Each structure stands twice: as C-alpha cells, then as structure tokens.
Amino acid sequence: MVQKLLQALINNLGVKLADSRFHELTGFNTVNLNFYPPCPNPELTVGIGRHSDAGMLTVLLQDNIGGLYVRKAEPDHASPGNELWVEIPPVHGALVINVGDSLQILSNGRYQSAEHRVRTTDTVSRVAVPIFNGPLPATKFGPFPEIVARDGVARYKEVVYGEYLKSYFEKSLDGKKSLEFASME
C-alpha cells in the first residue's frame, strides 16, 4: 500500500523513477510500538513532543483512545506557543498517513511534512503502532531535478539519509527543525 501511494505521489510531481531508484528512496521500513500510560495531569505531560517524521511516509494504526494532534498551518507571523493544534480523532479500522521530511525534501517543499505531537490521558493507557518508510540509509537524495528546473531553485541540498537520521535523533524533538540539516535557506 505504501509503495503504491508513494508511486502515485511521485508521479503526481511529474517525476519518473527507475525501479532501482524508487527502491533506494522507499526501501527502509521500521515499526514502533508506542505505549502511553495514563497520567493524572495530562496537560503537564507530553507523550511525544512536537516533531515531524524523518522518512517518506508514516502509516499509523491508532487505538480508540485518541491523543494525536497535528499542527495546523498558520501564517508566518504566528508567534511560537500560539500554534493551533487539531486532534485527529481515531476512526475504527482507519490508518493515519503522515508525509515525512524526506518526501518534503524530494518534492522541494511541494509536499509538507506533518508536524504532530501526542498527548496522554488521565484515565486510560494509549497504544499506537507507527510504520515508518524512508530511503535506504546509504541513499543520497535531494529535490528531484525536474522540480528544481520548474521551480528555478533548490530549497534543500542533497543529503545521505543515514546522516539525516543521525542528525534527526541527536537533536531533541523540536517541531520541524530537523529539516535545517538539509535546508538551503
């Protein structure tokens, strides 16, 4: 499913990839099992702080508890701390799909990675199972040349995915600051 969705997103950009290159860009998959115990003061606790995911796409299976919030896009003049967060209500049998930083880089910003966070509850535990898809660790990637030619500018530099991941995990979660590693701006 993820491969078909990524192929459709890349085709929508007007980019054609050889099968071997597509595999390099989408061949790394990991699964997490996230458990969030109840907290008596959930407003004082962060399950997972605000961040975007490093890979191409993340597929999330939520339980029926909720707690996933996505930052709503705002004008550039919005002040830190005044962000608007929208809860993504769980839907039985549905999957949540997040665009990650790697797809933002490849698309030269046409697709935006989703900044999100997780909150705990005061009554019940929460379980989430995210599946992360990204480039193979040794893969060098940057904005697709076809898009840079149309845009007239590359907003991101070429990076090696393993080095991007190393930088991503060495920093604390802080919104989309992980993209600074690849940014040309």
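Residues numbered from 1 in each chain as written. Predicted model: local features only at pLDDT ≥ 70, side-chain atom pairs only at ≥ 80, totals over all residues. Heavy atoms only, no water.

## Quick look at the pattern of salt bridges
Any two side chains of opposite charge can pair, given that their charged atoms come close. Per the stated rule, a full pass over the model turns up nine salt bridges. Across the pair Glu-115 and Arg-71 runs a salt bridge, and its minimum N-O distance is 3.3 Å. Separated by 44 residues along the polypeptide, Glu-115 in the loop between helix H3 (101-106) and strand S8 (116-118) and Arg-71 in strand S5 (residues 68-71) bring together distant segments of the chain. Residue classification places Glu-115 among the buried residues on the basis of a relative accessible area of 6%. Among the residues examined, Arg-71 registers a relative accessible area of 30% and is labelled partly exposed. Asp-174 is the partner of Lys-177 in a salt bridge, and the nearest nitrogen-oxygen pair spans 3.6 Å. On the basis of relative accessible area, Lys-177 is assigned to the partly exposed category, the value being 43%. Residue Asp-174 is classed as partly exposed on the basis of its relative accessible area of 31%. The network of salt bridges with shared partners includes Arg-50, Arg-71, Glu-115, Asp-174 and Lys-177. (Salt bridge = Lys/Arg side-chain N within 4 Å of Asp/Glu carboxyl O. Helix = DSSP H or I, 4+ residues; strand = E, 2+ residues; numbered from the N terminus. Buried < 20%, exposed > 50% of the residue type's maximum accessible area, 1.4 Å probe, protein only.)

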